[in-house]
Amino acid sequence: MMSNLDEAIKHHRTALLLCPPRHPDRASSLTNLASGLRDRFLQRGMMSDLDQAIKLYRAALLLCPPGHLNRSVSLNNLANSLRDRFRQRGMMSDLDQAIELHRAALLLCPPSHSRRSMSLENLANSLKERFQQRGMMSDLDKAIGLHRAALLLRPHGHPDRSWSLNHLANSLGERFRQRGMMSDLDEAIELHRAALLLCPPGHSDRSMSLNNLSISLGERFQQRGIMSDLDEAIELHRAALLLHPPGHSDRSTSLNNLANGLRDRFRQRDIMSDLDEAIELHRAALLLRPFGHSNRSSSLNNLAICLQDRFQQRSIISDLDGAIELYRDALLLHPPGHSHRSSSLNNLAISLRDRFRQRGIMSDLDEAIELHRAALLLCPSGHSLRSSSLNNLAISLRDRFRQRDIMSDLDEAIELHRAALLLRPSGHSDRPSSLSNLAISLRDRFQQRGIMSDLDEAIELHRAALLLFPPRHSDRSMSLDNLAISLRDRFRQRGMMSDLDEAIELHRDALLLRPPGHSDRSSSLDNLALSLQDRFRQQNVQSDLEEAFGLYSEFSHLSHAASRTHLSATKSWAASADVCNHPSALLAYQVALTFLDQRVAFLSSSSHHFDVIREAVSSLATDAFSCSVRRGALTTAVELVEQGRAVFWTQLARFRTSLDELSVSGDAGIALAEEFKRLSFRLRNAFDQSTEDQSPQIRPLTMQWDEVVSRIRMLPDFSRFLLPPLFSDLQKAAEDGPVIIVNASQRSCDALIIHSAGGPVHVPLDITQAEVFESSSELQSLAEQFGSSDCELKLVSILRKLWNDVIDPVVQALRESEVRPGSRIWWCPTAEFSLLPLHAAGPYEKGRDNLFDIYISSYTPTLATLVRARQQVSRDSSSQHFVAIGQGSPVEGKELKCVAPELAVIAQHVTPVISFTSLEDGDTTVEGALDALDRNQWLHLTCHGMPNRTQPFESSFAMRDGPLMIKDIIRSNWQNPQFAFLSASHTTVGGEGSPDESIHLAAAMQFCGFRSVIGSMWSVDDEVARQVVSAFYCKLIGDSKRLDCTGAAVALHKAVRSLRKKIPLEQQIVFVHIGV
């Protein structure tokens, strides 16, 4: 008990006071007190006890000069305490001094001396520790020799034989870790078994012996993969823990060891209960190691490692954040000069790199690289951790290269991987990963610089790595794929069929190791299919093509939620089948768009997911439309393009509408709506925090979500809950006039006219996607110069080309369908067409009509949004409210001078017919605007619009105190919103990188629930805006003296016509109408 030890120390202090200098018993009294303090340090971990013990041992040694009977004991005592202090503070000078003292002690214990075996053991243990710091194998080899000599002096029956067996076994285990010789590890295990036999139940060293044997069995398991070794190790750790009940000084060590074994078993069998138990055991161990405890840092690290493992399984970001904070705490306990600082730096760096891969925050990756550099400086040549430190820094530099394309990062990564490989010779356990890492980096450089020697070397390295991954090795399939992909790269450069043939066989082997349900099966199917198509193009063997599409067809039978890889692979299938004109092309597009629907249904609208979807989708919907049209499946074309465009916006509207209807459909509907919302919330959180979208946490949630959706679809009128609408539903968009989808894809450009009855009418367009893109880019550049003298001529040139190639053929088809002049028509442009002013196209020649002389144009981002807007019932304006919000002096952006006059004009027109309020300048805060939006159905916004071309949900309107974001407007509690006029300086959202998500801020407002919206395509002149606004409200109210949002398009048309001679062309066509 600690109280007894405290009392003993107190008595030893008293005794020392009674032994002044030169007293014959002073040396033994100093030693007794020092030994007590060292024992208390070993129990409580207080460094002051150890420092004091060392001083006392030094004083005792001075009283035992050469020739003194107790000098060897005194040398050993001081050496052991210095080694204890080294273990805490990591000062190599303490360890070096301990070794010299142990050598001196051994010289005083010749053969046959009673203390020789102990002296041999002490020196051996200190040499082994120095090896662990400096990596000099000579220290370890000498230690093993000394341990063998000590064991010979402790034959069967010797009380310390079990100690000697354990020490020799531990050193052999250390040498195995360096040289990989299994004979060393096998011998270590046999020695530990022999030691355990000498420690029967009740023996004071039994728990230590149990631990040592279990640790070695765990290591052998990691080499040979025999689960019985690991299972035995865990049972031994459990037995050891039972011998260390609460209050036992070694309980924290036993908790820690058992936790480590369970973590190893989890990594083999993926049984989450093992990992959860390991985390709880590590937490318990950490509680027993408070601040100041000598082993607190290792407990922090171990718990962090397990949390990192659980993050990789369940993708709960709080686990990763927790691991990072634990690693930071551990690093604080390893200041400069500490022996464990390098590993602590590496651990924190690796976890930061993991978080970077999850959240994409570059500061995490930059910090990780700096930490890895600092760790490498602490691992000089010869250090046992140098190879892993080189490898870690290289991987992080390669990650940064892939983000920033800085070649110096990749070149440095390659040199570091080469250096690491040299330190991992044949037999080294990490050699396969080093070979693979260097090969991957060389392939990356080949893809940048095209130097064939890099690719050739990568292939040879992948071959060498594959030889080290025997059948059934968990990484063999990855190694097969890596080699195959590099061989296919080389085939594409040199055209050697042998490379492609080999790649195909390797991909086949990899696929066999990834059965249905394997997380990487979809990428294996895609890789093999792509290689088979390459061979088909070379040899024209039809069986290769059929096999490729046979592989892809597996995706059409997927029974669980699609992952990002599934979506990417089916997109590859669709593109390949389309190019080859294969019968499966249309099925491929349908499957890909179904997967897209699933993915978006589970994702939030975060910037991370918007990037992921944008990258995965690209031209999927527009290509699907083109493919359907070319095959004559016109209604399918409409359904597919509707399903795959503006996906986040569409899901947003679909979710809200469906849930509103479900929530008023009776008790069963209300209950299912709540359950659906709860599961959707949990899934979105899981995906927001997930690096791998097929993680164990997500799978059961998606199954539950699917089951709830199935139950909802069994309710009356909900059979198509959350399913993309059919053509029969979408056709309702054309009830008040035809809707024209205008589509651009690589294979064709087409228009489909949808009437209120009958099938779609196809109008082929004599223009290429590249030409559409060129016109769009030219217009975007021109819009920045509007106002200069030659702009109008360039604008007219663009509008004429648009007329000749796109609009005129559509107008001819409309006339053939007897759509009378003066009728309203709706444009639904896709891709590059979405940024072009289709409503303004015309020949611009005397005696010939432009489009706005023939029809009144409106737009809709999708057919479904127009259908929803039509289905909302117009309410009497007497029960509605109108708010005008004007901000002419935002935090950023130029001053708008006509805000006050514009708001005054609006008030003049609308006050007699509707309840009107206005917010101006100081009152136009974000909070004030959102509050006004909640209470009004009619909105007029006069301010700067701020499109965000990469994150459309963060597009905004400039208020006095900051941006009023679209994502905040989406969340507002709208009460039957009717109309919004965005008299902003710029309201176009989206850009060249995401054309199918490119919509106007005005269209975003329609997705938010407004039935009818007016916005601008580019910057509007202040005075022109005031004139158009005045004319618009005058025409909208007219003689009826009431407001009706369905009249907005006609009112805008008339307002612009009335001002045509007063304002330049680009200002005449800047405003567009969206909605009913």
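Counting of residues starts from 1 at the beginning of each chain's written sequence and follows it residue by residue. Per-residue local features are limited, in this predicted model, to residues with pLDDT of at least 70; the limit for side-chain atom pairs, both in listing and counting, is 80 or more; totals at the level of whole chains, interfaces and linings are taken over all residues. To obtain the side-chain values, all non-hydrogen atoms of the structure were included, while hydrogens and water were left out.

Colleague: I'd like a rundown of the overall build of the protein chain, residues and numbers included.
Modeller: Scanning the protein chain for helices and strands turns up 45 helices and 14 strands. In terms of overall dimensions, the protein chain has a C-alpha envelope of 125 × 70 × 60 Å along the principal axes. Residue pairs in contact within the protein chain that sit at least 24 positions apart in sequence constitute 68% of those at least 6 positions apart. The protein chains shown are the only cover counted for residues, whose accessible areas, like all others here, come from Shrake-Rupley with a 1.4 Å probe. Surface summary for the protein chain: the accessible area is close to 44100 Å², and the carbon and sulfur share equals 52%. Each charge class in the protein chain can be summarised by its mean position, and for the 119 positive and 129 negative side chains these summaries are 6 Å apart. Where helices and strands are cited, they refer to DSSP runs of H or I of at least four residues and of E of at least two residues respectively, numbered from the N terminus. Here, residues are in contact when the closest pair of their heavy atoms is within 4.5 Å. The sign given to each residue is positive for Lys and Arg and negative for Asp and Glu; His and the chain ends receive no count. Charge placement uses NZ in Lys and CZ in Arg. For Asp and Glu, CG and CD serve respectively.

Colleague: So, the sheet that holds strand E11 (residues 962-965): which residues are in play, and what are the values?
Modeller: Strand order in the open sheet made by the 3 strands is E9-E10-E11, with antiparallel pairing throughout. Where the open sheet ends on each side, the last strands, each with one partner, are strand E9 (945-946) and E11. Sheet topology note: the E9/strand E10 (residues 956-959) ladder contains 2 bridges and is antiparallel. Looking across to E10, one finds that Gly945 is bridged to Phe957. Helix axes are fitted to C-alpha atoms over the stretch in contact, other axes to C-alpha atoms as well, and angles between N-to-C directions run from 0 to 180 degrees. Helix-sheet contacts for helix H40 (residues 926-935) involve E10 and E11, and the interaxial angle to E11 is about 25 degrees. When DSSP finds two or more bridges between a pair of strands, those strands are recorded as paired.

Colleague: I'd like a description of the pairing of strand E1 (residues 739-744), backed by residues and values.
Modeller: In regular strands, side chains alternate between the two faces of the sheet. Buried, partly exposed and exposed residues are distinguished by accessible area as a fraction of the type maximum, computed with a 1.4 Å probe on protein chains only: under 20%, between the cut-offs, and over 50%, respectively. E1 sits mainly inside the fold: 6 of its 6 residues count as buried. Here E1 shows no split at all, with Val739, Ile741 and Asn743 on one side and Ile740, Val742 and Ala744 on the other all buried. By the bridge criterion, 6 bridges tie E1 to strand E2 (residues 749-754) in an arrangement that is antiparallel. Note on E2: the bridge partner recorded for Ala744 is Cys749. Between the antiparallel neighbours E1 and E2 lie 4 residues. Where E1 and strand E4 (residues 824-829) come together, 4 bridges link them in parallel fashion. Considered in E4, the bridge of Val739 is made with Trp826.

Colleague: Kindly report on the environment of Gln542, identifying the contributing residues and their values.
Modeller: Following the sequence through the fold, Gln542 ends up in helix H25 (residues 542-552). On the basis of relative accessibility, which here comes to 42%, the residue Gln542 falls in the partly exposed class. Put simply, Gln542 and Glu232 are 310 residues apart on the chain and 55 Å apart in space, counted from C-alpha to C-alpha.

Colleague: Can you break down unusual backbone geometry residue by residue, with the values?
Modeller: For Ser112, which is not glycine, the phi torsion reads 80 degrees and is therefore positive. Here Ser112 lies in the loop between helix H5 (92-107) and helix H6 (116-134). One non-glycine residue, Tyr844, adopts positive backbone phi at about 50 degrees. Considering the arrangement of structural elements, one finds Tyr844 in the loop between E4 and helix H37 (851-854).

Colleague: Help me get a handle on the packing of helix H2 (residues 26-44) against helix H3 (residues 47-62), residues and values and all.
Modeller: Remark: H2 packs on H3, axes separated minimally by 8 Å, with the N-to-C direction vectors making an angle of 160 degrees. By the angle between their directions, the pair H2 and H3 is classed as roughly antiparallel. Of the two possible hands of crossing, H2 and H3 adopt the one that is left-handed. Contacts from Ala27, Leu30, Thr31, Leu33, Ala34, Ser35, Leu37, Arg38, Arg40 and Phe41 of H2 reach H3 at Met47, Asp49, Leu50, Gln52, Ala53, Leu56, Tyr57, Ala59 and Ala60. Here is the rule for angles: anything less than 35 degrees is roughly parallel, anything more than 145 is roughly antiparallel, 65 through 115 is roughly perpendicular, and the remaining ranges are oblique. Take the far helix as your reference; a near helix turned counterclockwise from it by less than a right angle gives a left-handed crossing, and one turned clockwise gives a right-handed crossing.

Colleague: Tell me about helix H8 (residues 161-179), and name the residues and values.
Modeller: With 19 residues, H8 should reach 27 Å at 1.5 Å per residue; the first-to-last C-alpha distance of 27 Å fits that figure. The buried fraction of H8 amounts to 14 of the 19 residues, a majority that puts the element mostly inside the structure. Taken from the residues just after H8, Gly180 is the one with a positive phi, measuring 70 degrees. Multiplying 1.5 Å by the residue count of a helix minus one yields the expected span of that helix.

Colleague: Quick one: what's the story with the packing of helix H24 (residues 521-539) against H25, residue by residue and with numbers?
Modeller: Relative orientation of the contacting elements H24 and H25 amounts to 160 degrees, with a least axis distance of 8 Å. With respect to their mutual orientation, H24 and H25 come out roughly antiparallel. Considering only the axes of H24 and H25, their crossing is left-handed. Along its contact with H24, which presents Leu525, Asp526, Leu528, Ala529, Leu530, Leu532, Gln533, Arg535 and Phe536, the element H25 presents Gln542, Asp544, Leu545, Glu547, Ala548, Phe549, Leu551 and Tyr552.

Colleague: Break down the packing of aromatic side chains for me, citing the residues and quoting the values.
Modeller: Within 6.5 Å between ring centres, the rings of Phe, Tyr and Trp (the latter by its six-membered ring) count as paired, and their orientation is classed by plane angle as stacked under 30 degrees, edge-to-face over 60, tilted in between. For the structure on display, the rule yields 14 aromatic pairs. Taken together, a centroid distance of 6.0 Å and an interplanar angle of 10 degrees make the contact between Tyr552 and Trp573 stacked. You can see Tyr552 sitting in helix H25 and its partner Trp573 sitting in helix H26 (residues 564-579), a full 21 residues away along the chain. Between Phe882 and Phe916 the ring centres are 5.6 Å apart and the planes differ by 45 degrees, which places this aromatic pair in the tilted class. Here Phe916 lies in strand E7 (residues 915-920) and Phe882 lies in strand E6 (residues 881-886), a separation of 34 residues in the sequence. When the NZ atom of lysine or the CZ atom of arginine is within 6 Å of a ring's centre and also within 35 degrees of its normal, the charge is said to sit over that ring. For Arg296, the ring lying beneath its charged end belongs to Phe291, and the centroid distance is 4.1 Å. In this structure, Arg870 is placed above the aromatic ring of Trp826, and the distance from its NZ or CZ to the ring centre is 4.5 Å.

Colleague: Let's hear about the pattern of salt bridges: which residues, and what values?
Modeller: Throughout this description, the term salt bridge denotes a Lys or Arg side-chain nitrogen within 4 Å of a carboxyl oxygen of Asp or Glu. Scanning the entire structure with this criterion turns up 78 salt bridges. Here Arg711 makes a salt bridge to Glu675, at a shortest N to O gap of 3.4 Å. Linking Arg711 in helix H33 (residues 698-713) with Glu675 in helix H32 (residues 667-688), this pair joins segments that are 36 residues apart in sequence. Judged by its relative accessible area of 24%, Glu675 falls in the partly exposed class. One salt-bridge network, held together by shared partners, links Arg38, Arg83, Asp84, Arg87 and Glu129.

Colleague: Lay out the environment of Arg713 with the relevant residues and their values.
Modeller: Summarising the element assignment, Arg713 is placed in helix H33. With 119 residues separating them in the primary sequence, Arg713 and Thr594 have C-alpha atoms 17 Å apart. Contacts of Arg713, omitting those with residues within four sequence positions, involve Phe718, Ser719, Phe721, Leu722 and Leu723.

Colleague: Go over the nonpolar core, please, and point to the residues and values.
Modeller: In these notes, a set of buried Ala, Val, Leu, Ile, Met, Phe, Trp, Tyr and Cys residues joined through side-chain atoms within 4.5 Å is what counts as a nonpolar core. Counting residues in each nonpolar core, the largest one holds 130 residues, and the members touching the most others are Phe957 and Phe1032. The next biggest cluster of nonpolar side chains, apart from the first, holds 39 residues, and it includes Met227, Ala285, Tyr327 and Leu331.

Colleague: Talk me through helix H21 (residues 452-467); I want residue IDs and the actual numbers.
Modeller: For H21, with 16 residues, the first-to-last C-alpha span of 23 Å sits near the 22 Å given by 1.5 Å per residue. Among all positions in H21, only Met452, Asp454, Leu455, Ala458, Ile459, Leu461, His462, Ala465 and Leu466 are buried. Where H21 is buried, its residues meet helix H19 (407-422), helix H20 (431-449), helix H22 (476-494) and helix H23 (497-512).

Colleague: Describe the confidence of the model for the protein chain, listing the residues and the values that go with them.
Modeller: Confidence of the prediction at every residue is given by pLDDT, a number between 0 and 100. Overall, the predicted model of the protein chain reaches an average pLDDT of 87, with 90% of residues at or above 70. Here residues 689-696 scores under 50 on pLDDT; set against residues more than four positions off or in separate chains, the count is 29 contacts. In this model residues 987-998 is a low-confidence stretch, pLDDT under 50, and it forms 50 contacts with partners more than four residues away in sequence or in other chains.

Colleague: I'd like a rundown of the pairing of strand E13 (residues 1012-1016), residues and numbers included.
Modeller: Counted residue by residue, E13 has 5 buried out of 5 residues, so it is predominantly covered. Burial of E13 is two-sided: the residues Ser1012, Ile1014 and Ser1016 facing one way and the residues Val1013 and Gly1015 facing the other way are all buried. Alignment of strand E12 (residues 979-982) against E13, held across 3 bridges, turns out to be parallel. Residue Ala980 lies in a different strand from E13, and its bridge partner there is Val1013. Two strands pair when backbone bridges link them, and E13 and strand E14 (residues 1071-1075) are joined in this way by 5 bridges, in the antiparallel orientation. Counterpart to Ile1014 in the pairing with E14 is His1073.

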